[in-house]
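Inside the fold
What follows is each chain in one-letter form.
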Amino acid sequence: MSPVQSAVGYCACGAEIWIEYLHGAEGWFCRFSDPEGREVQQCPSCGRPLDEDGLLPR
């Protein structure tokens, strides 16, 4: 499955988080990754759980 769109957001601590928007069998979902491309569920800097609405724009 390849991303349809990707964007960058920032955790409240300032860490850069990449968001990939994907479409699967059950609809749309997003996947988070760090700047090195490793998939993450929590901010690699502060440990905060990631949520699309909780990420800040530049």
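Residues numbered from 1 in each chain as written. Predicted model: local features only at pLDDT ≥ 70, side-chain atom pairs only at ≥ 80, totals over all residues. Heavy atoms only, no water.

**Concerning the pairing of strand E2 (residues 16-24)**
Note: strand E1 (residues 5-10) against E2, six bridges, orientation antiparallel. Across the sheet, Gly9 pairs through a bridge with Ile17, a residue of E2. Pairing between E2 and strand E3 (residues 27-33): seven bridges, direction antiparallel. Paired with Ile19 across the two strands is Phe32, which belongs to E3. (Pairing = 2+ DSSP bridges. Helix = DSSP H or I, 4+ residues; strand = E, 2+ residues; numbered from the N terminus.)

**A look at the sheet that holds E3**
Within the open sheet, the three strands sit side by side as E1-E2-E3. Their pairing is antiparallel. Each of the sheet's edge strands pairs with one partner strand only, and the pair in question is E1 and E3. Going across the sheet, the axis of each strand differs from the next one's by a mean of 30 degrees, ignoring polarity. (Axes fitted to C-alpha atoms, helices over the stretch in contact; angles between N-to-C directions.)

**As for the environment of Val40**
Along the chain, Val40 turns up in the segment after E3. Assessed through its relative accessible area of 12%, Val40 is described here as buried. The sequence separation of Val40 and Pro57 amounts to 17 residues, and the corresponding C-alpha distance is 18 Å. The residues contacting Val40, other than those within four sequence positions of it, are Phe32, Ser33, Asp34 and Leu50. (Buried < 20%, exposed > 50% of the residue type's maximum accessible area, 1.4 Å probe, protein only. Contact = heavy atoms within 4.5 Å.)

**Things to note about the environment of Gly24**
The residue Gly24 is located in strand E2 in this model. For Gly24 and Arg48, which are 24 residues apart along the polypeptide, the C-alpha to C-alpha distance reads 26 Å.

**What to know about the pattern of salt bridges**
Per the counting criterion, the structure on display carries three salt bridges. For Arg31, the salt bridge is made with Glu20, and the minimal N-O distance between the two is 2.9 Å. Linking Arg31 in strand E3 with Glu20 in strand E2, this pair joins segments that are 11 residues apart in sequence. Overall, the relative accessible area of 27% leaves Arg31 in the partly exposed class. Between Arg38 and Asp34 there is a salt bridge, with the nearest N and O atoms lying 2.9 Å from each other. (Salt bridge = Lys/Arg side-chain N within 4 Å of Asp/Glu carboxyl O.)

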